[in-house]
Amino acid sequence: MMHIKDEAKRCLLCADAPCSQVCKNGDPARAIRAIRFGNERLANRWIADCSDDELEAAEKACIHYDQPIRIRELVRSASCEPVKDDKPAPSLAIAFCGIPCENPFFLASSAVCTNYDMVARAFEMGWGGVFYKTICKQDIHEVSPRFDAVKEGSSFAGFRNMEQLSENPYEVDFDILRRLKQNYPSKVVVASIMGQFEEEWIELAKMAEEAGCDAVELNFSCPQMRLSGMGSDVGQDAELVTFYTAYVKRNVKIPVIPKMTPNITQINQPAMGSYFAGADAISAINTIKSVTMSPEAEVSGKQTLSGYSGRAVKPIALRFILEMTKNPIMKKIQFSGIGGIETWRDALEFILLGCRNVQVCTAVMEYGYRIIDDLLLGLQTYMAERNIAHLEDIVGEQLPNFVYPSDLDRETVVYPKIDRQRCIGCGRCYISCRDGGHQAITFDNDTRQPHINGAKCVGCHLCRLVCPSGAIGLAKRIEKKK
């Protein structure tokens, strides 16, 4: 399966994909997209009726800049399941701050939702809601270029942006939100706002409520605001977070959702401040302050600190979510998770740690709103396989499994186990164990086979993580030898 996913990642995910244009009885591009975004077992439903001649034609039509995607091998190698439409898909509906949501997938406040047409198109495609790009009263002038990326092949491993807040006049943005809510009443419309002092926070929040917004998000976390007293400057100060949250909460009736910054050591301090001020939920995290050194990202020869997002930040985002959801003081507050969400499995991890919805930005910027198809499909399939009737039933399900390092089991060990049929004899496990582990693997150059020395192995599993073919798995957990 590993090589299948690698091949799917090579796909350019073209608009109006030429490979699918030549197939009358299927959609190879959609099948590849299913593999790419975590639904490889379901890819068959888009190519089941394709003939060999059609798949061959699809491969010839591929416009990859290097070499065509091996479409025939890809779709045939995937362990696809037959199409099953005998039971309705589980509902992904869930309430957030008392607001009914069609599904937990929202656009994050960012470049992916800056005008009416963008958000309307996303709603039409199936997104459950939007945290609209942050509205302020300041005059915003963006730089060029404003984005940079750390690449993994042709994909973003991480994404850096120097963009600030909405460039629209604030009256225009609130009119957009008013029209969105009028025209899409079943969708959740949240206004993200940022003020510079008390009166601005209150004024913008009231305008959001008057526009018919379902809730208001308080952006305490933008890492690249050029004015002091705004953005992450506020989010790092628990006292300011508390005061501004309280000011807004006293002046509006709709739910109030502070957005936390990760550019802080203890996120619980501002989070508890917002909780005690009456916040209904918390959004986390915003982007992480970062530096990339690409000359192409220079602005008139200069660089700056700015926000980092994308797949690389997901473990950090999950850490901050976990710290807040495990905080016994904040048991009654709800959470919206943000950071590196690209597939339904990513979203599921946030939900299992206590989030009732997730916000997506970077993956939409890279792949478009269309990823909602696989987000919905994957999560529904997961629920169906586990016979879960309500999404709410798994919110926070994994929290009891997280303990302090001192509480982990240190009396047993699980050794790695080599699957000889899958081993390709590359020796990567041997090299990593020799130079970065415990010298517990030997390598026979003649047979090109690695062997684990149980007397030296400590069960760290570095070998399993570096294996490119997935040939190293887990043995049974046993007591450590005394």
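The structure contained in this document is the topic of the report that follows. Here the structure is a predicted model, which means the values were calculated and not measured.

### Looking at the overall build of the protein
Within the protein, the secondary structure is distributed over 17 helices and 18 strands. For the protein, the spread of C-alpha atoms along the three principal axes comes to 75 × 65 × 55 Å. Restricting the contact set of the protein to residue pairs at least 6 apart, pairs at least 24 apart contribute 71%. When the accessible surface of the protein is totalled, it reaches about 22500 Å², and 51% of it is carbon and sulfur. If you average the places of the 57 positive and of the 61 negative side-chain charges in the protein, the two averages end up 6 Å apart.

### Considerations on the nonpolar core
Counting 133 residues, the largest nonpolar core has Phe 105, Trp 127, Phe 174, Leu 180 and Met 324 as the members making the most contacts within it. Once residues lying within four places of it in the same chain are set aside, the contact partners of Phe 174 are Ile 135, Ala 191, Ile 193, Leu 204, Met 207, Ala 208 and Ala 211. Within the second largest apolar cluster, eleven residues are counted, among which are Cys 423, Cys 429, Cys 463 and Cys 467.

### Let's talk about the sheet that holds strand S12 (residues 306-309)
A sheet is described by the order of its strands in space; here four strands give the open sequence S5-S6-S12-S11, paired in antiparallel fashion. Of all the strands in the sheet, the pair left with one neighbour each is strand S5 (147-152) and strand S11 (288-290). Taken over all neighbouring pairs, the strand axes of this sheet differ in orientation by 35° on average, direction set aside.

### Points about the packing of aromatic side chains
Applying the stated criterion across every chain yields a total of twelve aromatic pairs. With a centroid separation of 5.7 Å and 55° between ring planes, the pair formed by Phe 106 and Phe 131 is classed as tilted. Of the two residues, Phe 106 is situated in strand S3 (residues 105-107) and Phe 131 in strand S4 (residues 129-135); the sequence distance between them amounts to 25 residues. Comparing Phe 106 with Phe 131 shows no difference in burial state: the two are buried. Ring centres of Trp 344 and Tyr 382 lie 5.9 Å apart, and the angle between their planes is 40°; on these two criteria the pair is classed as tilted. Taken together, the residues Trp 344 in helix H13 (residues 344-352) and Tyr 382 in helix H15 (residues 372-385) connect sequence positions 38 residues apart.

Conventions adopted
Residues numbered from 1 in each chain as written. Predicted model: local features only at pLDDT ≥ 70, side-chain atom pairs only at ≥ 80, totals over all residues. Heavy atoms only, no water. Helix = DSSP H or I, 4+ residues; strand = E, 2+ residues; numbered from the N terminus. Contact = heavy atoms within 4.5 Å. Areas by Shrake-Rupley, 256 points an atom, 1.4 Å probe, with all protein chains shown as cover. Lys, Arg positive; Asp, Glu negative; His and termini not counted. Charge placed at Lys NZ, Arg CZ, Asp CG, Glu CD. Core = buried A, V, L, I, M, F, W, Y, C linked by side-chain atoms within 4.5 Å. Buried < 20%, exposed > 50% of the residue type's maximum accessible area, 1.4 Å probe, protein only. Pairing = 2+ DSSP bridges. Axes fitted to C-alpha atoms, helices over the stretch in contact; angles between N-to-C directions. Phe/Tyr/Trp six-rings, centres within 6.5 Å; stacked < 30°, edge-to-face > 60°.

Geometric descriptors of this kind do not, in isolation, establish any biological role.
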